[in-house]
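Now for the letters of each chain:
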Amino acid sequence: MNQQLALDVQDLGYSYRTGRLETPVLTGVDLMVEQGEFVAIMGPSGSGKSTLLNCIAGLDTPQNGRIAVSGVAIHELDETDRTLFRREQIGFVYQDYGLIESLDARANIELPMRMSRRVMDPHWLNQLAHATGIVHYLARRPAQLSGGQQQRVAITRALMTRPKLVIADEPTGALDTRTSAAVLTLLRECVDDLGQTIVMVTHDPVAASYSDSVILLVDGHVEDRIKAPRAETIAEHLAKLEAATDP
Ligand SMILES: Nc1ncnc2c1ncn2[C@@H]1O[C@H](COP(=O)(O)OP(=O)(O)OP(=O)(O)O)[C@@H](O)[C@H]1O
Ligand SMILES: [Mg+2]
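Bear in mind the structure is a predicted one, so any value in this text is a computation, not a measurement.

Chemist: Which parts of the structure should I look at to understand the pattern of salt bridges?
Modeler: If charged atoms from side chains of opposite charge come close, those side chains can pair. In the structure shown here, the tally under the stated rule is nine salt bridges. Arg17 is the partner of Glu22 in a salt bridge, and the nearest nitrogen-oxygen pair spans 2.8 Å. A salt bridge links Arg188 to Asp192; the shortest N-O distance between them is 2.9 Å. In this pair, Arg188 and Asp192 are both assigned in helix α6 (residues 177-194), four residues apart and thus about one turn of the helix distant. When its relative accessible area of 17% is taken as the criterion, Arg188 is described as buried. Owing to a relative accessible area of 49%, Asp192 belongs among the partly exposed residues under this scheme.

Here's what the structure looks like:
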C-alpha cells in the first residue's frame, strides 16, 4: 500500500447476495487517487458506481481486494474505529442526500461537527452556505426544501468538517446549470485551496470536466482513465462506450 495516496483500491470485488443468488457488481476495481486530486467516476447506470463509493467509505464490505484511505486499510478496522475514521476523515454526499427529516438544514449541516465533538465554526458554515446558495434556507426542514436545495444542504454538510476525502454521489444530479456550476467551483476550490481529495460520481460530462481525471467504470471494472478531461472529450468517450455496449 502506498502511504502517499489519498485512496488506494486494489482488485476490489463486491457481490450482492439475495438469498442464494450472488450478483457480482465490482469485479476487480483498481483505483489510485493522489492527495489533492479531484477524480470523477462515470459509467452506465447499474455499473456499480454507488457500490464502489459505499465500499470506499466502509459502508459496504467487499468480498475481495483492499482499500486504503490515507494509508489506512478501512476494512481492517473494527466497527467502532471504522465509524470514527469515517467521521474524522470522510465527507459523504449521498445520491439520495440522506438528510435527517426532523432537523432543519443548519442542524443537519452541524451534525457531523457535533458527532465528532468539534468546536462549531459559524463563519465556515456561513461561507459554505453562501457558496452553495442556501443561506436563506437554513431554518427549513428537508420536507420544506426542493430536491436541489436538499442536495446543496447535503453538500454543505459533507464539507463542514473539512474532511480529507470527499465522496460525492452525483452531487449535481438535481441542480440547474447555474447552481451546478457554483457547487462544482466550490468543490474545485476545496481541492485547490484546501488540498482536499474528491471522488465524485457523475453522469454529466460538464461536471466531470471540473475534475483532474475521469474514471470510466464498465461492467464492474475500470475501463479507462482520461486525464485533464474536456467535456467534449468525455462526451466522445461515453458515446463510444454506449455504442460498444448497445444490445
Ligand atoms: N441492495 C442491493 N441488493 C441487490 N442488488 C443491488 C443492491 N443495490 C444495488 N444492487 C445492484 O448492483 C448494481 C450496481 O448498483 P449501483 O447502485 O452501484 O449502480 P450505479 O452505477 O450507482 O447506478 P446509477 O448510475 O443508476 O446510480 C445494480 O445492478 C443494482 O441493481
Ligand atoms: Mg448510483
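Chemist: It is not clear to me how the coordination of the magnesium ion (ligand 2) should be interpreted in this structure. Could you clarify?
Modeler: For a metal bound by four donors in tetrahedral geometry, the ideal donor-metal-donor angle is 109.5 degrees, whereas six donors in octahedral geometry ideally sit at 90 or 180 degrees. Those protein atoms acting as donors to the magnesium ion (ligand 2) are Ser50 (OG) and Gln95 (OE1), and they sit at 2.1 to 2.4 Å. Here Ser50, found in helix α1 (residues 49-56), pairs with Gln95, found in the loop between β6 (90-93) and α3 (105-115); they are 45 residues apart in sequence, far enough to count as distant. Given the relative accessible area of 25%, Ser50 is considered partly exposed. Take Gln95: its relative accessible area is 40%, and that puts it in the partly exposed class.

Chemist: Honestly, the packing of helix α4 (residues 122-132) against α6 in this entry has me stumped. Any pointers?
Modeler: Two quantities define a packed helix pair, namely the angle between the helix axes and the distance between the axes. It is at 8 Å that the axes of α4 and α6 come closest, and there the two elements cross at 135°. The pairing of α4 with α6 is recorded here as oblique in orientation. Note on element contacts: α6 touches α4 through Ala182, Leu186 and Leu194, opposite Trp124, Leu128, Ala131 and Thr132. Along the lines of polarity and charge, the residues of the contact of α4 with α6 split into six nonpolar, one polar and no charged.

Chemist: Honestly, the side chain of Thr197 in this entry has me stumped. Any pointers?
Modeler: Checked against the element boundaries, Thr197 lands in strand β8 (residues 197-201). In terms of polar contacts, Thr197 uses its side chain to reach the backbone amide nitrogen of Gly36, at 3.0 Å. The contact partners of Thr197, leaving out residues within four places of it in the chain, are Ala6, Val33, Glu34, Gln35, Gly36, Glu37, Lys164, Leu165 and Val166.

Chemist: Please clarify how the packing of aromatic side chains should be interpreted in this entry.
Modeler: Ring pairs (aromatic) are described by centroid distance and by the angle formed between their planes. Counting across every chain of the model gives two aromatic pairs. Here Phe92 and Tyr94 contribute two aromatic rings whose centre-to-centre distance is 4.3 Å and whose plane-to-plane angle is 10°, an arrangement assigned as stacked. When its relative accessible area of 27% is taken as the criterion, Tyr94 is described as partly exposed. Arg162 extends its terminal NZ or CZ atom over the ring of Trp124, reaching a point 4.3 Å from the ring centre.

Chemist: Please explain the site of ligand 1 as it appears in this structure.
Modeler: Taken together, the neighbourhood of ligand 1 is formed by 13 residues, with Ser45, Gly46, Lys49, Ser50 and Thr51 sitting nearest. In the model, an oxygen atom of ligand 1 is placed 3.0 Å from a nitrogen or oxygen of the His203 side chain. Protein coverage of the free-state accessible area of ligand 1, which is 640 Å², stands at 61%. Looking at the shell around ligand 1 element by element, the count peaks at three residues for α1. In terms of residue class, the shell around ligand 1 is made up of three nonpolar, eight polar and two charged.

Chemist: Could you clarify how one ought to interpret the pairing of strand β7 (residues 165-169) in this entry?
Modeler: If a strand is regular, its side chains alternate between the two faces of the sheet. Of all the five residues making up β7, five are buried; the element is thus mostly covered by neighbouring parts of the structure. Of the two faces of β7, the one lined by Leu165, Ile167 and Asp169 and the one lined by Val166 and Ala168 are each fully buried. Relative to β7, β6 runs parallel, the two being bridged by four bridges. By the bridge assignment, Phe92 is partnered in β7 with Ile167. Handedness of the β7-α6-β8 crossover: right-handed.

Rules and cut-offs
- Residues numbered from 1 in each chain as written.
- Chains lettered and ligands numbered in written order.
- Predicted model: local features only at pLDDT ≥ 70, side-chain atom pairs only at ≥ 80, totals over all residues.
- Heavy atoms only, no water.
- Salt bridge = Lys/Arg side-chain N within 4 Å of Asp/Glu carboxyl O.
- Helix = DSSP H or I, 4+ residues; strand = E, 2+ residues; numbered from the N terminus.
- Buried < 20%, exposed > 50% of the residue type's maximum accessible area, 1.4 Å probe, protein only.
- Donors = N, O, S within 2.8 Å, 3.2 Å for Na, K, Ca; no water.
- Axes fitted to C-alpha atoms, helices over the stretch in contact; angles between N-to-C directions.
- Parallel < 35°, antiparallel > 145°, perpendicular 65-115°, else oblique.
- Contact = heavy atoms within 4.5 Å.
- Nonpolar A, V, L, I, M, F, W, Y, C, P; charged D, E, K, R; others polar.
- Polar contact = N/O pair within 3.5 Å; in protein donor to acceptor, adjacent residues only side chain to side chain.
- Phe/Tyr/Trp six-rings, centres within 6.5 Å; stacked < 30°, edge-to-face > 60°.
- Lys NZ or Arg CZ within 6 Å of the ring centre and 35° of its normal.
- Near = heavy atom within 4 Å.
- Areas by Shrake-Rupley, 256 points an atom, 1.4 Å probe, with all protein chains shown as cover.
- Pairing = 2+ DSSP bridges.
- Right-handed = clockwise from strand over helix to strand, strands pointing away.

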